[in-house]
Amino acid sequence: MEIIKHGFEPVYDKESKVLILGSFPSVKSRAVDFYYGNKQNRFWKTICSFFSEEIPETLEGKKEFLLRRNIALWDIVTECEIVGSQDSTIKNFKVADIKKILQNSQICLIIVNGGKAYEIFLKNFGDISTPYIKLPSTSPANTRFSKEEWYDILSRVFGRA
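What you are looking at is a predicted structure, and each value in this text was computed from that prediction instead of being measured.

Conventions and cut-offs
Residue indices begin from 1 for each chain and proceed along its sequence in written order. Note on the predicted model: pLDDT of at least 70 is required for a residue's local features to be given, and 80 or more for side-chain atom pairs to be given and counted; whole-chain, interface and lining totals, by contrast, use all residues. With hydrogens and water set aside, each side-chain value is computed from the structure's full complement of heavy atoms. Accessible area is worked out with a 1.4 Å probe on protein chains only. A residue is then buried under 20% of its type maximum, exposed over 50%, and partly exposed in between. For the purposes of this entry, the term helix denotes a DSSP run of H or I that reaches at least four residues, the term strand denotes a run of E that reaches at least two, and both are numbered from the N terminus. Strand pairing follows a simple DSSP-based rule, namely that at least 2 bridges must link the two strands. It only takes one pair of heavy atoms within 4.5 Å for two residues to be counted as in contact. Every case where a carboxyl oxygen of Asp or Glu lies within 4 Å of a side-chain nitrogen of Lys or Arg is listed as a salt bridge. Note on terminology: a nonpolar core comprises buried Ala, Val, Leu, Ile, Met, Phe, Trp, Tyr and Cys residues joined through side-chain atoms within 4.5 Å. To get an axis, fit a line to the C-alpha atoms, keeping to the stretch in contact for a helix; angles then go from 0 to 180 degrees between the N-to-C directions. Our angle categories are set so that under 35 degrees counts as roughly parallel, over 145 as roughly antiparallel, 65 to 115 as roughly perpendicular, and the remainder as oblique. In this scheme, a crossing is called left-handed if the near helix is turned counterclockwise away from the far one by less than a right angle; it is called right-handed if the turn is clockwise. Polar here means any residue other than Ala, Val, Leu, Ile, Met, Phe, Trp, Tyr, Cys and Pro, which are nonpolar, and Asp, Glu, Lys and Arg, which are charged; Gly is therefore polar.

### What about the pairing of strand 6 (residues 109-113)?
Burial analysis of strand 6 places 5 of its 5 residues in the buried class, the great majority of the element. Going residue by residue along strand 6, you find L109, I111 and N113 tucked away on one face and I110 and V112 tucked away on the opposite face as well. As defined by bridge partners, strand 2 (residues 18-22) adjoins strand 6 across 4 bridges and the pair is classed as parallel. Counted as the bridge partner of I20 is I111 from strand 6. As paired elements, strand 6 and strand 7 (residues 132-135) share 4 bridges and run parallel to each other. Counted as the bridge partner of I111 is I133 from strand 7.

Here it is as structure tokens:
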């Protein structure tokens with residue numbers, strides 16, 4: 001069991017329209033100090049291809065992309081004990097204060113990336129008035145990933161890119 005002091009700070013600004021919540025950074029993400037650092041994770045490929053853009057190569061480029069496209073990004077768990085990157089082992093965790101983002105942005109939809117994140121989200125924010133939806137995890141471990149489901153939901157907010 002590894003005790004992680006904290007995850008990453010959220011990426012958002014006052015123009016953000018969609019908040020995407022993951023569970024907690026993977027080992028590879030923690031190594032590069034930014035969200036979805038595992039090159040096998042489909043997050044960046046899916047989001048960038050939706051907007052017909054190349055995946056930015058730098059962390060600053062990824063932050064700029066998110067803000068330019070009005071996407072906020074954070075993890076529902078900000079601190080926890082975890083074994084490797086296994087969401088199923090998350091315990092003794094602290095939950096993100098997503099109301100901070102909601103109060104300081106234009107979030108009209110929360111996308112929860114995967115089952116564990118959704119389970120924690122529902123337990124802590126299931127009564128929130130902002131619409132939310134669970135989408136299949138972009139993790140390489142998820143064999144039921146559907147790029148089409150992600151595109152469908154993204155198009156409801158951003159239109160067809």
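### Considering the environment of P10
Looking at where P10 falls in the secondary structure, it is placed in the loop between strand 1 (2-4) and strand 2. For P10, a relative accessible area of 14% translates into the label buried. Filtering out sequence-adjacent residues up to four positions away, P10 remains in contact with Y35, L73, W74, K100 and I101.

### A look at the pattern of salt bridges
Summed over the entire model, instances satisfying the criterion amount to 7 salt bridges. For the salt bridge of E53 with R68, the shortest nitrogen-to-oxygen distance reads 2.8 Å. Taken together, the residues E53 in the loop between helix 2 (43-50) and helix 3 (59-68) and R68 in helix 3 connect sequence positions 15 residues apart. Overall, R68 belongs to the partly exposed group, its relative accessible area being 40%. Linked through salt bridges whose partners overlap, the residues forming this network are E53, E64, R68 and R69.

### Examining helix 2
Of all 8 residues in helix 2, 6 are buried, a share of seventy percent or more. Three or more residues of helix 2 are buried, namely F43, W44, T46, I47, C48 and F50. Buried-residue contacts for helix 2 involve strand 2, helix 3, strand 3 (71-75), strand 6 and helix 6 (147-158).

### Thoughts on the nonpolar core
The nonpolar side chains of soluble globular proteins are, as a tendency, buried together. One finds I98 and I110 to be the most contacted residues of the largest nonpolar core, which totals 46 residues. Of the residues forming this core, the biggest block, 5 residues, is contributed by helix 2. If sequence neighbours within four positions are ignored, I98 has contacts with L19, L21, W74, I76, I110, F121, F125 and I128.

### Observations concerning the packing of helix 2 against helix 3
Taken N-terminus to C-terminus, the directions of helix 2 and helix 3 make an angle of 45°; their axes are 12 Å apart at the nearest point. When the axis of helix 2 is compared with that of helix 3, the two are oblique. Read as a crossing pair, helix 2 and helix 3 show a hand that is left-handed. Contact residues: helix 2 offers W44, I47 and C48, while helix 3 offers K62, F65 and L66. Broken down by class, the residue content of the contact of helix 2 with helix 3 amounts to 5 nonpolar, no polar and 1 charged.

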